[in-house]
Each structure stands twice: as structure tokens, then as C-alpha cells.
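Listed here are the chains, written in short residue letters.
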Amino acid sequence: MAQIISEENRLKVYVETYGCQMNLADTEIVLGIMNKSGYSPTQTIDDADVVLLNTCSVREHAEEKIHQRLSVIKKQLSGKPELVVGVLGCMAERLRSNLIDRHRVDIVVGPDEYRKLPELLDGALAGSQGIGVRLSRTETYDDITPFRTEGISAWISVMRGCDKFCTFCIVPFTRGRERSRSLAGVVREIEQLVGQGFREVTLLGQNVNSYTDSGSDFADLLSAVASVDSRLRVRFTTSHPQDLSDKLIETIASHDNLCNYIHLPVQSGSNRILEAMNRTYTREHYLALVDRIKSRIPGVALSTDIISGFPTETEEEHRETLSLMEEVRYDGAYMFKYSPREGTPAYRLGDDVPDEVKSRRLAEIISLQQKISGEVNQSVVGKTVEVMVDGSSRKSDLQLSGRTGANKTVVFPSGSFKPGDLVKVKIGRASSATLFGEPVGGFN
Ligand code: 5AD
Ligand code: SF4
């Protein structure tokens with residue numbers, strides 16, 4: 001029987017989430033686990049009995065931010081010795097007890113050990129430190145109901161881990177091997193979300209295209225999810241180019257509510273660098289895939305990830321990345337300087353592209369992408385798009401902000417619309433990041 005704990009006896013947990021969307025989804029799983037064992041979430045750190053940071057290791061800068069944050073928390077909370085501080089996520093997995101040595105943290109828990117949190121917290125509240133960093137080949141938290149606050153858009157992790165071993169990436173070491181949730185479990189969760197009024201779901205995984213459950217692949221999962229409710233918008237991320245099948249392209253093309261937006265990280269436009277990164281596709285294979293996607297899904301939006309200054313990258317190879325961007329004409333991109341991660345295969349190659357060269361190459365990549373995004377957005381001016389309202393725009397309560405199926409942010413006058421409404425908006429002007437327009441009709 002579930003334990004019933006009165007509200008005043010519940011301890012309060014405050015969580016800060018860093019890094020990727022998987023971490024946002026994991027935080028909801030963590031809160032789901034903790035809620036069941038007598039904790040209530042709080043938005044204010046000063047009210048908290050337990051403070052948790054869900055962390056990211058993907059670049060050194062991400063880790064530095066957490067180290068700084070832990071130092072600030074330590075100072076800020078020095079008058080509260082009974083407070084429990086914990087580190088979760090990829091940094092917990094990577095740095096383990098080093099975190100306890102370096103900071104005043106009580107618990108360190110990696111991505112596959114969140115079920116142990118209540119037990120580790122009991123220990124920490126009684127004054128002992130605890131570590132849970134074993135990776136699992138089977139843990140998917142399939143039976144855990146995530147604790148969600150917002151009522152329109154939900155993240156759902158459908159697979160965990162990564163077996164790709166791109167040579168620059170720490171994720172296969174911090175999140176372990178690939179494993180998938182059951183198709184039935186995902187569909188059940190989505191039916192519940194629809195019942196609760198959610199209007200959009202994003203299926204998450206480091207590499208969703210390798211989803212597999214008893215003979216069903218990711219295309220089968222997407223079809224099943226799309227069929228739950230034809231008005232539910234369905235998104236997914238991240239796709240690895242090697243595993244994005246023609247069946248998946250056909251599936252997206254044939255369901256109106258599967259959003260015409262694919263995040264398809266390329267990382268580099270040079271075949272030599274792609275090989276050194278162990279990306280397992282060539283520039284030609286990638287471009288042919290993009291052609292197939294564009295011809296089968298008219299109006300599809302594509303975004304990507306790009307790394308500048310991978311070890312040994314020459315100027316010519318950098319220019320191949322720029323030329324690939326011109327060929328694909330991405331709607332958007334996440335662009336990074338290469339950051340060496342100890343323990344990854346690329347770490348052994350050294351970090352021989354000087355920082356100022358990496359920065360200059362990155363600046364060129366960013367400025368080209370801004371130009372392309374501006375042009376792509378300009379081509380929408382004069383057209384009418386369907387927008388799902390997210391809420392007030394960041395700049396003014398008189399303006400609403402929402403997103404198109406292609407994931408473009410649209411800002412328009414508030415009127416009487418509310419979050420979750422679908423509104424037709426005629427676009428009047430565009431920047432490289434945002435479309436601006438006037439509603440020409442709303443419907444549910
Ligand atoms: N340095 C820079 N960028 C990285 N990424 C992953 N590892 C590194 C690294 N060591 C980027 C990749 C990946 C995205 C999530 O983060 O582009 O697709
Ligand atoms: Fe990292 Fe590559 Fe796996 Fe993405 S596909 S998580 S970049 S190893």
C-alpha cells in the first residue's frame with residue numbers, strides 16, 4: 001500500500017537541470033520517484049531540504065558552470081548544515097567521489113540509479129554520504145510516472161544510452177548502453193497525457209532511430225503514438241543519420257500530426273573528419289539522405305549540430321563544413337567548439353587546433369547559419385502558418401509566442417488565445433530567430 005504522508009511532513013526538494021532535453025525528462029522522473037517517497041518539489045532554493053543539480057558533461061564549459069554553481073550554493077547555504085546537496089546526471093557518473101572530495105555534496109547519483117535516491121537521501125539526512133553510479137543495461141524507468149508541471153508540452157524519453165561511440169563524445173560512458181522502453185508503456189503514457197490535456201509530446205533519446213521493442217522499430221513507435229490522437233503534435237529528437245530509415249521518412253510523410261521537423265546532427269562536412277569522429281556516414285550519404293527527406297516531406301525543417309576544430313581539422317575541411325551548410329540550408333543549428341573529454345577516443349588525438357582558430361571557425365559557422373536562417377525565415381513572410389500557443393512572449397504580455405510544426409517561433413498579438421490553442425498566423429516579418437505576424441483565425 002502506498003504510504004500516505006501529510007503535506008506538512010513532506011520534505012522539499014529543489015532541482016536545477018542543466019544540459020540536454022534528456023536531463024529535463026530525467027528530472028521529471030527523479031521528481032516522480034521522490035514524490036512517491038514523501039518529497040514535494042519547490043521552486044525556491046531557500047525553502048528546500050534537498051538541493052539537486054542534474055548535470056551535463058558534454059563539454060568542459062558545461063562542467064565548469066556546475067563547479068561554480070556548487071561553490072556558490074555551498075557559500076549561500078553554509079548556515080544550513082542539515083541541508084542535503086546532491087549531484088545527478090552525467091557529471092555524477094563521470095566524476096563520482098571526486099565531487100564529494102571537491103565540494104560539500106552529500107550524494108552523487110548517475111543516470112541509471114535514480115531509483116536509489118530515496119534510500120541515499122535517507123542516509124544523507126542522517127548524516128552519511130552516498131554514491132550510486134552503476135550503469136544498467138536494462139533500466140528504462142518504464143513504470144515510473146514522471147512528475148510534470150506544465151500542461152501543454154511533455155518530454156517522454158523512449159530510449160536511454162548510446163552505442164554509437166562518436167570519438168568526441170562522453171555520453172556513451174556517462175549514460176551507458178542503448179535500451180528501449182516498451183512500445184505499450186510509451187503509448188499508455190501518451191494516452192494519459194492526452195487525457196490530462198497535453199497537446200504536444202517530444203519523444204526523446206540520444207539516438208531515437210535505434211529504438212527497438214519486440215520487433216517494433218522507431219517508425220512503428222511513431223505511428224502508434226501519432227494514432228493516439230490526431231490532434232496531438234508529435235516531435236522527436238535526436239536522429240542519427242546512419243539509422244534514419246526510408247520507412248521512418250514515409251511514416252513522417254504519412255501522418256499530419258508527426259511534425260515536419262528533423263534534428264539531424266552532421267557534426268562536420270568533411271569525410272576525413274567524419275571518419276575520425278566515427279560518425280559512420282559520408283558527406284555524400286548524408287546529402288543523399290537530406291534529398292530523400294526533402295523530396296518526401298515537402299516543407300520539412302532541418303536542424304543540425306556542428307563541431308568546429310575537431311583535432312587535425314584543416315582549413316579546407318572547415319570550408320567543407322561551410323559548403324555542406326550552404327547545400328542543406330538548415331533552418332537552425334547548434335554549433336560548438338570542440339571540447340576534449342578525457343576518456344573519449346578523440347582525447348588521445350590531442351587538441352591541436354588552436355583555440356583562436358576554433359573560435360574563428362565557429363564564428364564563421366554561426367554567421368553563415370544566421371544568414372541562412374534569416375533567408376529561410378524570410379521565405380515564410382506573406383504565408384499563413386499554424387501555430388500552437390506556448391504562452392506570453394518573452395518581451396511582452398501583450399504578445400503571445402508559439403511554434404509551428406516546423407518548430408519556428410512565432411510572435412503575435414495576444415487576443416483571447418490560451419496556451420495549447422492552434423492559431424493561424426499570417427507572417428508579416430521575420431528575423432533569423434523569430435517570425436512575427438497577425439492571427440487570421442484560431443481553432444482547437
Ligand atoms: N565537444 C564539442 N561538442 C560536443 N558535442 C558532443 N561532444 C562534444 C565535444 N566533446 C556536441 C555534438 C552533439 C551535441 C549534443 O553536442 O555536436 O551532437
Ligand atoms: Fe554522443 Fe554520437 Fe551518441 Fe550523439 S550519437 S550521444 S554525439 S556518441
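Every chain's residues receive numbers from 1 upward, in the order its sequence appears when written. Whichever chain is written first is A, and whichever ligand is written first is 1; the rest continue in order. Restriction of local features to residues with pLDDT of at least 70 applies here, the model being predicted, together with a cutoff of 80 or more for giving and counting side-chain atom pairs; totals for whole chains, interfaces and linings are based on all residues. Only hydrogens and water are set aside when side-chain values are computed; all heavy atoms of the structure are taken into account.

Asker: Could you clarify how one ought to interpret the site of ligand 1 in this entry?
Answerer: For this description, a residue counts as near a given molecule or strand if any of its non-hydrogen atoms is within 4 Å of it. Within the structure, ligand 1 sits among Val-58, Arg-59, Phe-168, Gln-267, Asp-305, Ile-307, Phe-336, Lys-337, Tyr-338, Ser-339 and Arg-341. One nitrogen or oxygen atom from the side chain of Gln-267 is found 2.7 Å from an oxygen atom belonging to ligand 1. To be clear on the numbers: accessible area is Shrake-Rupley with a 1.4 Å probe, and residue cover counts the displayed protein chains and nothing else. Coverage of ligand 1 by the protein amounts to 85% of the 400 Å² it exposes when considered alone. Each helix is a run of DSSP H or I of at least 4 residues and each strand a run of E of at least 2, with the numbering of both proceeding from the N terminus. Listing elements by their share of the shell around ligand 1, those giving two or more residues are β15 (301-308) and β16 (332-337). Two N or O atoms form a polar contact when they lie within 3.5 Å of each other; inside protein one atom must be a possible hydrogen donor and the other a possible acceptor, and for residues adjacent in sequence the pair counts only when both atoms belong to side chains.

Asker: Help me out: how do you make sense of the side chain of His-67 in this one?
Answerer: The residue His-67 is located in helix α2 (residues 60-76) in this model. With near-sequence residues (within four places) excluded, His-67 lies in contact with Met-91, Leu-95, Leu-99, Arg-102 and His-103. Should any heavy atoms of two residues lie within 4.5 Å, those residues are counted as being in contact.

Asker: So what exactly am I meant to see when it comes to the pattern of salt bridges here?
Answerer: If charged atoms from side chains of opposite charge come close, those side chains can pair. Take a side-chain nitrogen of Lys or Arg and a carboxyl oxygen of Asp or Glu: if they are within 4 Å of each other, that pair is a salt bridge. Per the counting criterion, the structure on display carries 38 salt bridges. The closest approach of N and O atoms between Asp-220 and Lys-247, which form a salt bridge, is 2.9 Å. Of this pair, Asp-220 sits in helix α8 (residues 218-226) while Lys-247 sits in helix α9 (residues 246-254), and the two are 27 residues apart along the sequence. Each residue's exposure class comes from its accessible area (1.4 Å probe, protein chains only) as a fraction of the maximum for that residue type: buried when under 20%, exposed when over 50%, partly exposed otherwise. Given a relative accessible area of 25%, Asp-220 falls into the partly exposed group. The closest approach of N and O atoms between Glu-375 and Lys-371, which form a salt bridge, is 3.7 Å. Of this pair, Glu-375 and Lys-371 both sit in helix α13 (residues 355-378), four residues apart, roughly one helical turn.

Asker: Would you take a moment to explain the packing of aromatic side chains for this structure?
Answerer: Here a ring pair, both rings aromatic, is described through the centre-centre distance and the interplanar angle of the planes. Here a pair means two rings of Phe, Tyr or Trp (six-membered ring of Trp) with centres within 6.5 Å. Their orientation is stacked below 30 degrees between planes, edge-to-face above 60, and tilted elsewhere. All told, the structure shown has seven aromatic pairs when counted by the stated rule. Between Tyr-114 and Tyr-141, the ring centres sit 6.1 Å apart and the planes meet at 20°, which makes this aromatic pair stacked. Remark: Tyr-141 occurs in the loop between β6 (130-132) and β7 (153-157) and Tyr-114 occurs in the loop between β5 (107-109) and α5 (117-125); sequence separation between them is 27 residues. For Tyr-141, a relative accessible area of 1% gives the class buried.

Asker: Honestly, the sheet that holds strand β13 (residues 233-237) in this entry has me stumped. Any pointers?
Answerer: Sheet strands pair via backbone hydrogen bonds, and the direction of the pair is either parallel or antiparallel. Strands are treated as partners if at least two bridges between them are detected by DSSP. Taking strand neighbours across the sheet as the criterion, the three strands line up as β7-β10-β13 in an open arrangement whose pairing is parallel. The sheet is open, and its two edges are formed by β7 and β13, each paired on a single side. The mean inter-strand angle of the sheet, taken between neighbouring strand axes irrespective of direction, is 20°. Two strands pair when backbone bridges link them, and strand β10 (residues 200-204) and β13 are joined in this way by five bridges, in the parallel orientation. Looking across to β13, one finds that Val-201 is bridged to Val-234. An axis is simply a line fitted to the C-alpha atoms; with a helix, the fit covers only the stretch in contact. Between two such axes, the angle follows the N-to-C directions and lies from 0 to 180 degrees.

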